[in-house]
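# Understanding the architecture of this molecule
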Amino acid sequence: MPGIDECLLDVMRLPGARGAAVVDWTSGLALGTIGDSPNGDHEATAAETAEVARMAAEQPAFALGSPEAPAGGTGTAPPVEDVIVTTRAGYHILRFVETAFDSSVFLHLWLDRAEGNLALARIRLGEMAERLVLA
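Below you will find a few notes about this structure. (Residues numbered from 1 in each chain as written. Predicted model: local features only at pLDDT ≥ 70, side-chain atom pairs only at ≥ 80, totals over all residues. Heavy atoms only, no water.)

## Remarks on the overall build of the chain
A tally of regular secondary structure across the chain gives four helices and five strands. Secondary structure of the chain in N-to-C order comes out as α-β-β-α-α-β-β-β-α. A buried classification covers 46% of the 135 residues belonging to the chain. In the chain, once contacts between residues fewer than 6 apart in sequence are set aside, the share between residues at least 24 apart is 51%. Put simply, the chain shows about 7100 Å² of open surface, and 54% of that area lies on carbon and sulfur atoms. (Helix = DSSP H or I, 4+ residues; strand = E, 2+ residues; numbered from the N terminus. Buried < 20%, exposed > 50% of the residue type's maximum accessible area, 1.4 Å probe, protein only. Contact = heavy atoms within 4.5 Å. Areas by Shrake-Rupley, 256 points an atom, 1.4 Å probe, with all protein chains shown as cover.)

## Remarks on helix α2 (residues 42–57)
Helix length check: α2 (16 residues) gives 22 Å between terminal C-alpha atoms against 22 Å at 1.5 Å per residue, within 8%. Restricting attention to buried positions, one finds in α2 the residues Thr45, Ala46, Thr49, Ala50, Ala53, Arg54, Ala56 and Ala57. The buried residues of α2 occupy an angular sector of 165° when the element is viewed end-on, so they sit on one face. Looking at where α2 begins, the residue whose side-chain oxygen comes 3.1 Å from the main-chain nitrogen of Glu43 is Asp41. (Expected span 1.5 Å × (residues − 1). Arc of directions from axis to C-beta. Polar contact = N/O pair within 3.5 Å; in protein donor to acceptor, adjacent residues only side chain to side chain.)

## Examining the pattern of salt bridges
For the structure on display, the rule yields eight salt bridges. Between Arg131 and Asp10 there is a salt bridge, with the nearest N and O atoms lying 3.1 Å from each other. In this pair, Arg131 is assigned in helix α4 (residues 118–134) and Asp10 in helix α1 (residues 4–11), connecting sequence segments 121 residues apart. Given a relative accessible area of 42%, Arg131 falls into the partly exposed group. One salt bridge connects Glu81 with Arg122, and the closest N-O pair in it is separated by 3.3 Å. With Glu81 in the loop between α3 (60–63) and β3 (82–86) and Arg122 in helix α4, this pair connects stretches of sequence that are 41 residues apart. Beyond isolated ion pairs, a larger network of salt bridges with shared partners links Glu81, Asp82, Arg95 and Arg122. (Salt bridge = Lys/Arg side-chain N within 4 Å of Asp/Glu carboxyl O.)

Structure, rendered in structure tokens:
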């Protein structure tokens, strides 16, 4: 997927960005990483965040009423746009990337709570996800 490195560089320009990755949520593999990792291991973090992404994307309760998926939740795009996990020290934003093939990729941003702006980061991640697909 072209544009991963450029996308990750853009993500790290966000105020408070500590680290970021592009992850395949079906395999748990990091397709690209930058900055720090919460546990010091980018591959382990990718696998752990992929579990969270997979759980959110595959839950029928989130698919109900979604224009991307019928009531049974069998659309090609995940019915979830993003997942936000708040910790005492920061935020983890998982932004799903819609692709023409299987939509199994997401952006993970680890944002410092004191320095970051959650609303701005969420908006910018959405823009970056769209550029990543178009790149």
